[in-house]
Every structure is written in structure tokens, then in C-alpha cells.
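# Reading the structure
Chain by chain, the residues:
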Amino acid sequence: MLRAELDALPITEKEDGREWRSQNEHVAHSCGHDGHMAILLGIAKKLAQTPPACGEIVLLFQPAEETGAGARAVIESEKFDASLHPDIAYALHNQPGRPFGEISIREGSFACASRGMIIKLHGYCSHAAHPEQGLSPVHAMCRLLEALEQLPQSLPTSKDLRLVTAVHAQLGEVTFGTTPGEAIVMVTLRTATDVLMQPLVKAAHDLIERVTQEAGLTYDIEFRDIFAAVINDQQATTDVIHCAQKCGKMLTLLEATNRWSEDFGVYSTVCRCAMFLLGAGETARVLHDSAYDFPDALIEHGVEMFWALLNEQQLFAD
Ligand SMILES: [Zn+2]
């Protein structure tokens, strides 16, 4: 199975006169998923001319990667077991900042597991002239913002990445007359593997419990945008390395897990998987930038790699 993503982002694309600028306001392909789709269509075109002699090839155009919901919906769909269930799955992602056309990959943990955590703190309001009559979550909120980011340091040491990033906070209402009764803290938890995520989640829970108890507050917690880590299978990774060498591509074996997340990780739970990066050029704008533009010249590099990977599976007659 070869997988590309369909979705765009809620970003207003920069107005710089390009003809192919998004026609939908505040919707843009700022992650280059349109380029990934074009690559898969390139493979479809080649398969129309040269169909496989045996086996089945699935070209999966998957929606909702950015929210982490798409891959899970695919594997939970009835159609997946009945007609798709692949033996092996490959995906690529373009990567600005890396040499154009370069292939980079690592075996094992390739991209981090992550999840958004929304913590709602509940106290009660009072007149701002009488703060002692209210129960403000302000100090608990400040403590949590600081302590949650420091949480990984309090856990047993690990050579693999664990990271908590505060991304949003909200306190009370925009008014000078009332003390806040409610607060929201949002953080993103990130770990190199799924196994590392659970202790981090538990530590966050324990911390929130302790801080709110001391402050006399109640709380609730919600998780959003849950991504599994992308774990590259040994054989599938070797195939990518072999194909990159066969195609004469510049090849880099990555030392560290990529800190971002990709919902392709979900497929690791059902089949052998490998994801690799396709360098989009050192001067290209970063992903999710409003001025980002997938370089079309990259399409043939992606097609070449995917085609080599299909040939590696011996699906075609000699
Ligand atoms: Zn993306």
C-alpha cells in the first residue's frame, strides 16, 4: 500500500500572484499534501501502463491526516479488513530544509507520538474588590504551565525524546470587575515512542491532581489530536534504503526521531511500515508557512522512489 494525504490546513495562503493559489480562503496546502497526491497519481498512471503481474497494490488517498483522525478511521473501516489489509505500507513526506530530492529515513522510531491535552480548572468568581470571596485558578494555572513543561525532567532518564509544550492558556473573562472562576491550559505531549507516552500522561495527571487539590479547585481533562508514533519496520526501511541507492538518490540515515507527528503511525499496528522524507530544498519555506509552495519538480522524485519500492516487492513480470 502506498499512502498519500488529502487534507489541507486552516491557513490563508500568501498572496504572491501564483496562479495555483488556493481558491478557498483560509484553506491552503501548506504541508504539501497536494504534492503527495500528485505523486500517487503519477504511480497510478504508471500502473495503468504496467499493471502488476501478481498481488495487489493499494493507492490510499487518506483524508484528515492533520487532525490524526484519518488513518484511524481507515483501519477501523469495515472495508479495511475486507479489501485493503496490506502486507506492507509506505509513505513519504516532503521536507523543506533538506537537500532537494534527498531521501532520509531511520529504522524504528521515525516520528513522535503526540497528543493535545486540555485541562479545565474550575473555581468560582467574585467581585474583583473582594478576591478573598472567590476561588481563582490563576496561581494553579501558572504553576501548571511551568511544571507541565518541566515534567519530562522529573521522570526516569531516557535517551529518547519526551517533550511537553504549553500551547494555549485562558483565564476568566476580559473584565476588570470580576475575578476569574475558570481557566484553561492546553499542552502538547510528545514522545519518541508510544511506550514512553503513558508514563508522561500519568505524570501529568498526578501533577494536575496535586496542584488542583492544594488550590481547592476541581478540574477535567480532555485529549485531542492523538497521534501514534511512526515506527519504521526493519525490512521496510532496508527496502527504502536499497531503492534510494538504486535510484542514485542522496541518502541520509537520520540519527534522531523527527519531533513532529504523522498519523501514518497508526498503520504500524496492522502491517509492516516505513515512512521516509523527500528533501524539498534547503531554501524552501517551512511546512505550515503561508508562503510554502510544494515544488512540482519533486513529484518525479517521489514517483521514482515509490515505483522502485513497488518493484522491490516483485509484483511485476520481468
Ligand atoms: Zn503533512
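What counts as what
- Residues numbered from 1 in each chain as written.
- Predicted model: local features only at pLDDT ≥ 70, side-chain atom pairs only at ≥ 80, totals over all residues.
- Heavy atoms only, no water.
- Pairing = 2+ DSSP bridges.
- Helix = DSSP H or I, 4+ residues; strand = E, 2+ residues; numbered from the N terminus.
- Axes fitted to C-alpha atoms, helices over the stretch in contact; angles between N-to-C directions.
- Buried < 20%, exposed > 50% of the residue type's maximum accessible area, 1.4 Å probe, protein only.
- Contact = heavy atoms within 4.5 Å.
- Donors = N, O, S within 2.8 Å, 3.2 Å for Na, K, Ca; no water.

Under an unreviewed UniProt entry, the name given to the chain is Amidohydrolase, and the source organism is Rotaria sordida.

Further remarks concern the sheet that holds strand S2 (residues 59-62). In spatial order, the strands read S2-S1-S3-S12-S4-S11; together these six strands make up an open sheet with mixed pairing. With partners counted over all chains shown, the strands left at the sheet margins are S2 and strand S11 (251-253), one partner each. Direction aside, neighbouring strands of the sheet carry axes that sit 30 degrees apart on average. Summarising the sheet, strand S4 (residues 103-105) and S11 pair through three bridges and their orientation is parallel. Among the inter-strand pairings, Ser-104 is bridged to a residue of S11, identified as Thr-252.

This part takes up unusual backbone geometry. If you check the backbone angles, His-26 has positive phi at about 65 degrees while not being a glycine. For His-26, the location among the structural elements is in the loop between strand S1 (2-5) and helix H1 (33-49). Its relative accessible area of 45% is what places His-26 among the partly exposed residues. Positive phi values are uncommon outside glycine, yet Ala-64 reaches one of about 55 degrees. Residue position: Ala-64 is located in the loop between S2 and helix H2 (70-76). On the accessibility criterion, Ala-64 (28% relative accessible area) is partly exposed.

Further remarks concern the sheet that holds strand S6 (residues 113-122). Note: strands within a sheet are paired through backbone hydrogen bonds, in either parallel or antiparallel orientation. Strands sit in the order S7-S8-S6-S9 across an open sheet of four strands; the sheet is antiparallel. The open sheet is flanked by strand S7 (162-171) and strand S9 (218-227), the only strands paired with a single partner. Strand-to-strand twist of the sheet, defined as the mean angle between neighbouring strand axes without regard to direction, takes the value 20 degrees. Relative to strand S8 (residues 182-191), S7 is paired through nine bridges, and the arrangement is antiparallel. Residue pairing across strands places Ala-169 opposite Val-185, the latter belonging to S8. Contacting S6, S7 and S8, helix H4 (residues 138-154) crosses the sheet at an angle of about 165 degrees to S7.

Okay, the coordination of the zinc ion next. Looking at the metal site, the zinc ion is ligated by Cys-31 (SG), His-33 (NE2) and His-93 (NE2), spaced 2.1 to 2.2 Å from it. Mapping the donors of the zinc ion onto the primary sequence gives the spacing C-x1-H-x59-H. In this pair, Cys-31 sits in the loop between S1 and H1 while His-93 sits in strand S3 (residues 88-95), placing the two residues 62 residues apart along the sequence. Taken as a pair, Cys-31 and His-93 share a single burial class, namely buried.

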